[in-house]
Each structure stands twice: as structure tokens, then as C-alpha cells.
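Observations on chain architecture
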Amino acid sequence: MFSQRFLQRGFLSPISRDPTRVIIRISRFANHAQKDAVLECPTEASVCAPWMMILWLIEGWSDTSRPVEYIASSSEGEDSDGEIIFHPVSDIDLPTTKERLLSADDSLTVTAHRLVTLGRASDKKSTSSGVMNSAGLALISTIILLVVDHFAWRIVRMPLAPFYLIRPFLASLALVPCFGYICLPLFRVLNFGSAISKGAPLYSSKKAKFSMDGIFFLPIGILVAEAAVKFSSTEVFGAAATTILLASLGVLANYFGIIEKIKHLPAWIRCFIEVSAGAWFSYWMYTTDISTPYNMKMVVPLPPPVGLVCARKFYLILTSICFVSTINGVGLINGLSGMAPGTAALAFIGMSIVIVPICPDLSIFGASMAGACIGYLLYSHQNTVDSMGQTGSLALGGALAAMASCTGMFFPLLICSGVFIVETLSVITQACWFKATRFFHGKGHKLLRTAPLHEHLVLSGIQQQKIVAASYFFSSLLIICASYVGLSSL
């Protein structure tokens with residue numbers, strides 16, 4: 001009798017007890033659905049094993065995230081409990097091709113090894129695609145910042161230091177991978193993180209990864225920016241303090257996730273934290289002497305013919321809305337490998353270009369944070385780190401919101417955050433449509449397979465790295481538009 005046993009996301013189950021043949025159902029769980037196939041083969045393991053491999057090839061079921069155990073036994077009689085257990089993790093114990101005669105156990109071992117290693121090439125291809133995406137993003141960002149530095153005197157109408165934005169960008173880009181090789185292994189030894197693979201069906205094939213990895217690259221981006229302005233900029237201090245505060249709250253949230261087994265902070269607590277951060281930052285700006293458009297506080301520059309708009313008391317509301325929307329937008333796309341830090345890096349670059357005429361010091365902060373995000377990407381794709389956790393999403397969203405609130409550039413940030421907005425709107429539309437159809441028809445219907453949009457695209461069969469590359473391309477176009485709109489507003 002074949003033994004039933006879950007093997008990662010799949011299992012073998014017998015559907016016949018005929019002593020002369022074995023009929024097996026092979027089940028795999030992928031993309032929120034169970035895929036079944038039925039295989040009929042003789043009881044001899046040496047004959048059955050190749051058919052199992054062929055079926056696996058046809059169905060495209062391969063998972064190489066961990067070594068897999070396959071268990072098989074004969075179906076002759078009710079009392080037969082003999083089992084063959086093998087761990088196909090390397091070629092060391094496999095029979096060589098020179099052996100002409102293979103036993104049944106050896107045949108099954110060879111087959112299992114092939115089944116497990118079928119997806120290795122696709123995993124390497126996915127990793128290579130991720131590295132190429134990150135390298136392309138770094139190249140595009142470098143070119144954009146070099147162009148901005150070259151024409152900075154026309155934008156600011158005053159001389160700036162050579163390579164004003166590219167220096168902090170490249171410094172953070174180089175330092176983050178170096179510190180990653182030191183910090184992340186230490187985090188793992190200290191169990192300083194929480195696994196994100198559980199409870200996430202879409203990403204259940206991934207290895208368990210630490211969701212507090214965002215904590216090591218954020219201080220580097222902040223310290224590089226502070227060093228570039230010689231720790232003398234009030235605006236950089238305020239943005240850095242906001243980033244550190246929100247990152248600390250993310251660490252606290254992950255701590256409760258580890259100790260108290262709480263997966264996410266309650267929505268009302270998270271919203272209260274975000275609104276409080278926006279209100280605190282707005283009060284700090286009002287009571288501190290900082291660089292503002294035309295030396296006027298609480299103003300919002302808009303493109304012609306609108307011009308400057310004095311928000312006054314509504315500025316506090318705008319700041320709080322900016323913090324809430326940006327932080328949640330970054331958090332929505334944080335699950336897909338490379339999407340959140342990459343799009344956030346492009347948003348930082350766009351905001352750095354926009355605010356150069358208003359506050360050059362704060363533009364250095366944005367360039368440094370962009371370099372830290374891309375450095376994190378270059379390191380993470382080589383070390384199977386896919387999520388920054390709440391530590392990264394809270395901090396990056398808060399840093400972007402602080403840059404916009406400090407200079408009044410809410411509208412350019414809205415354009416730079418186009419990817420975040422689309423993802424957020426997909427969630428809102430999905431929920432509203434489901435509730436509306438349930439109210440009118442008694443049964444809820446969905447517009448998308450699942451929300452947010454990038455998960456729907458993954459379930460539709462589009463490769464994750466293609467989705468990430470498309471988000472980078474889309475964000476690159478948006479930051480060009482945001483730069484034009486923002487600079488024309490001054």
C-alpha cells in the first residue's frame with residue numbers, strides 16, 4: 001500500500017489496491033489551487049519511477065526550495081509496510097551511469113533526485129532575472145542622477161558641489177551589500193526576524209525568510225546623508241528622525257509577531273501610528289526654521305496656472321493623509337521580491353530632483369536612501385531575501401512622506417507613487433465590487449483573482465520578475481513626469 005504523506009506542497013495517494021498495478025494520484029498545490037493528475041503504472045518500482053518523472057515533467061511540477069522526501073512502497077497485500085525513503089539532495093549517493101543494472105531502490109532514488117532538481121534551472125534563471133533587474137535599475141538611476149548633477153546649476157540657479165547627488169547615491173549603493181554580509185548572518189544566528197512564508201499561499205514555495213532585513217540598510221542610507229551634509233541640516237535631521245521612528249515601530253511590530261505570534265498589527269493601531277507620525281511631523285515643521293518654497297510655510301506648489309496654494313490648517317490633514325497613503329502603498333507591494341524597494345528607490349530619486357531648488361540638503365537624503373534601497377536589492381537577490389517586512393515598509397513610506405511634507409511637494413509625490421496608487425486602488429476596487437455584488441445579487445463576485453494587482457498577475461501566469469521589471473519601467477516614466485511637473489511649479 002502506498003503511504004500518504006504530505007511532501008512540502010504535494011503528496012502521493014493510492015486510488016487502487018490491485019496487486020498487479022498501482023494507480024497513483026499526484027497532487028500539487030500551486031497558485032491557491034490544487035492540481036491533480038492520475039498515473040497508472042506497474043508495481044515494479046524500476047518501471048513505475050520513470051513514468052512518475054515523465055508525468056512530473058509534463059505537468060511542470062517542480063519545487064527546489066528544500067530537499068524533498070519521497071516515500072514509496074509496494075501494494076502487494078494489506079500487511080505490507082515496507083517503505084523506501086530517500087533524500088535527493090546531492091549526487092553523492094546516487095548510482096553512476098556506468099552501472100548497468102539498477103535495483104528498484106536505486107531507480108526510485110535516481111528518479112526522486114531528478115524530480116527535485118528539475119526546477120533548479122528555473123530558480124537560477126529567476127535569480128539571474130532579479131539580478132539583471134536590479135543592475136538595470138542601478139544603471140538607470142545612475143544615469144538620471146548624473147544628468148541632474150550636470151544640469152543642476154540650471155535647476156537651482158546657484159552652484160552646487162560636483163556630483164552633488166551621485167556621491168551619496170553611490171556611497172550607499174556600495175556600503176549596503178558590504179554590511180549585508182555581516183548583519184544578516186548575525187540576525188539569523190540571533191533569530192532576529194520572523195519567517196514570512198507561513199500564511200502566504202502565493203509565496204508558499206519560498207524559503208522561510210527574515211522579515212526584519214530592512215533594519216540593516218536604513219541606517220546606512222541615513223548616516224551617508226547626514227555625513228554628506230556634515231550633520232548640520234535641520235531638514236535631513238527631521239526626515240531621518242521620522243524614518244528611524246517608523247522603523248523602530250516596525251521592529252516592535254515584528255517583535256510581537258515573533259513573541260506573541262501576531263502576524264500583523266491591528267489596522268486601527270497601524271492607522272493611529274501613521275496619523276500620529278504625520279501630525280507630529282507637521283507640528284515639528286511649524287515650530288522649526290526649515291527651508292520652504294519662497295520661505296513660506298504651509299504652502300503647496302502646484303503647476304501653472306494654479307501656482308502656490310496656502311493650505312494653512314489643512315496642511316496638517318494633507319501631511320497625515322500623505323503618511324497614511326504612502327506607508328500603506330509601500331506595504332502592499334512588499335510581498336513581491338524586489339518590487340517595493342525598487343519602486344521606492346525611483347520615487348526617492350524623483351523627489352530628490354523635484355526638491356533640489358527648495359532644499360538641496362534634503363535631496364541628498366533622497367539620493368542616499370535610493371542608493372540604500374538598490375544596494376539592498378543587489379544583495380537580496382543573491383541571498384534569497386525577498387521582504388523588508390514592516391520595518392522597511394513603514395520606514396520607506398515615512399521617509400517619502402517626510403520629504404514631500406517638508407517641501408510641500410505632495411503632487412509630485414502623488415505622481416512618483418503611481419505604482420503604489422494602482423495597487424491600492426486595486427484593493428479598494430476589489431473590496432467595493434465584492435460588497436456591491438453581494439448586496440445586489442446575494443453572492444459576491446471578484447474583478448480580480450486576488451488583490452492587490454501584482455498578486456492577480458502572478459496567479460495569471462506572469463513571471464514575478466517580469467512584473468517587477470514592468471513596475472520599474474512604469475515608475476521611471478512617472479518620475480520623469482513628476483520632475484517636470486514639480487520643477488514647473490516653482
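Everything numeric here is computed off the predicted structure, so don't read it as measured data. (Residues numbered from 1 in each chain as written. Predicted model: local features only at pLDDT ≥ 70, side-chain atom pairs only at ≥ 80, totals over all residues. Heavy atoms only, no water.)

Further remarks concern the overall build of the protein. If you tally the helices and strands in the protein, you get 16 helices and 8 strands. Within the protein, counting contacts between residues at least 6 apart in sequence, those at least 24 apart form 69% of the total. Of the roughly 23700 Å² of accessible surface on the protein, a fraction of 64% belongs to carbon and sulfur atoms. (Helix = DSSP H or I, 4+ residues; strand = E, 2+ residues; numbered from the N terminus. Contact = heavy atoms within 4.5 Å. Areas by Shrake-Rupley, 256 points an atom, 1.4 Å probe, with all protein chains shown as cover.)

Time to look at the packing of helix α10 (residues 339-355) against helix α11 (residues 360-380). It is at 8 Å that the axes of α10 and α11 come closest, and there the two elements cross at 160°. Considering the angle they form, α10 stands roughly antiparallel to α11. Of the two possible hands of crossing, α10 and α11 adopt the one that is left-handed. Contacts between α10 and α11 involve Pro341, Gly342, Ala345, Phe348, Ile349, Ser352 and Ile355 from the first element and Pro360, Leu362, Ser363, Gly366, Ala367, Met369, Ala370, Cys373, Ile374, Tyr376 and Leu377 from the second. When the residues that make up the contact of α10 with α11 are grouped by side-chain class, the tally is 14 nonpolar, 4 polar and no charged. (Axes fitted to C-alpha atoms, helices over the stretch in contact; angles between N-to-C directions. Parallel < 35°, antiparallel > 145°, perpendicular 65-115°, else oblique. Left-handed = near helix turned anticlockwise from the far one by under 90°. Nonpolar A, V, L, I, M, F, W, Y, C, P; charged D, E, K, R; others polar.)

Before going further, it helps to spend a moment on the environment of arginine 438. Tracing the chain through its elements places arginine 438 in helix α14 (residues 418-441). Dropping the residues within four chain positions of it, arginine 438 is found in contact with Lys443 and Gly444.

Tallied over the full model, the rule gives 1 salt bridge. With its nearest N and O atoms 3.2 Å apart, the salt bridge here joins arginine 270 to glutamate 274. On the criterion of helical spacing, the pair formed by arginine 270 and glutamate 274 is a turn pair, its members being 4 residues apart in helix α8 (residues 267-287). (Salt bridge = Lys/Arg side-chain N within 4 Å of Asp/Glu carboxyl O.)

Strand direction decides the pairing type here: strand β7 (residues 299-302) and strand β8 (residues 307-310), joined by 4 bridges, are antiparallel. Considered in β8, the bridge of valine 300 is made with valine 309. Where β7 folds back onto β8 in an antiparallel hairpin, the turn is made up of 4 residues. (Pairing = 2+ DSSP bridges.)

Bringing the packing of aromatic side chains into the picture now. A complete count under the given rule lists 10 aromatic pairs for this structure. Here the aromatic rings of phenylalanine 216 and phenylalanine 217 are separated by 6.1 Å at their centres, their planes lie at 75°, and the arrangement is edge-to-face. Considered together, phenylalanine 216 and phenylalanine 217 belong to a single accessibility category, that of buried residues. An angle of 65° between the planes, with centres 5.4 Å apart, marks the rings of tyrosine 315 and phenylalanine 410 as edge-to-face. You can see tyrosine 315 sitting in helix α9 (residues 314-332) and its partner phenylalanine 410 sitting in helix α13 (residues 410-416), a full 95 residues away along the chain. Residue classification places phenylalanine 410 among the buried positions, given a relative accessible area of 13%. An aromatic cluster of at least three residues, connected via ring pairs, comprises Tyr181, Phe216, Phe217, Tyr376 and Tyr379. (Phe/Tyr/Trp six-rings, centres within 6.5 Å; stacked < 30°, edge-to-face > 60°. Buried < 20%, exposed > 50% of the residue type's maximum accessible area, 1.4 Å probe, protein only.)

Let us now look at the side chain of glutamate 423. Along the chain, glutamate 423 turns up in helix α14. A polar atom in the side chain of glutamate 423 sits 2.9 Å from the side chain of histidine 454. Non-local contacts of glutamate 423, meaning those with residues more than four positions away in its chain, are made with Leu332, Ile333, Met339, Pro452, Leu453 and His454. (Polar contact = N/O pair within 3.5 Å; in protein donor to acceptor, adjacent residues only side chain to side chain.)

Attention shifts here to the side chain of serine 172. Along the chain, serine 172 falls in helix α5 (residues 166-189). Of the residues examined, serine 172 reaches a relative accessible area of 0% and is grouped as buried. At 2.9 Å, the side chain of serine 172 and the side chain of serine 368 are in polar contact.

A separate point is a nonpolar patch on the surface. A grouping of Leu139, Ile143, Val147 and Phe151 is seen on the molecular surface, where their side chains present a nonpolar patch of about 360 Å² in accessible area. As for its placement among the helices and strands, leucine 139 is situated in helix α3 (residues 120-150). (Patch = residues over 30% accessible without salt bridge, like charges linked within 9 Å, V, L, I, M, F, W, Y side chains within 5 Å.)

Let's shift gears to unusual backbone geometry. Omega for the peptide link from proline 304 to proline 305 comes to 5°, which places this bond in the cis form. Inspection of the secondary structure puts proline 305 in the loop between β7 and β8. A cis amide bond, omega 5°, links alanine 451 with the succeeding residue proline 452. Mapped onto the elements of the fold, proline 452 is located in the loop between α14 and α15 (453-459). One non-glycine residue, phenylalanine 163, lies in positive phi territory at about 50°. Along the chain, phenylalanine 163 turns up in the loop between α4 (152-156) and α5. Phi angles above zero are rare outside glycine, and phenylalanine 231 is one such case at about 55°. Here phenylalanine 231 shows up in the loop between α6 (214-228) and α7 (234-259).

Time to look at the environment of leucine 252. Following the sequence through the fold, leucine 252 ends up in helix α7. By relative accessible area, which is 41% here, leucine 252 ends up partly exposed. Linking leucine 252 and threonine 391, residues 139 residues apart in sequence, is a C-alpha distance of 8.6 Å.

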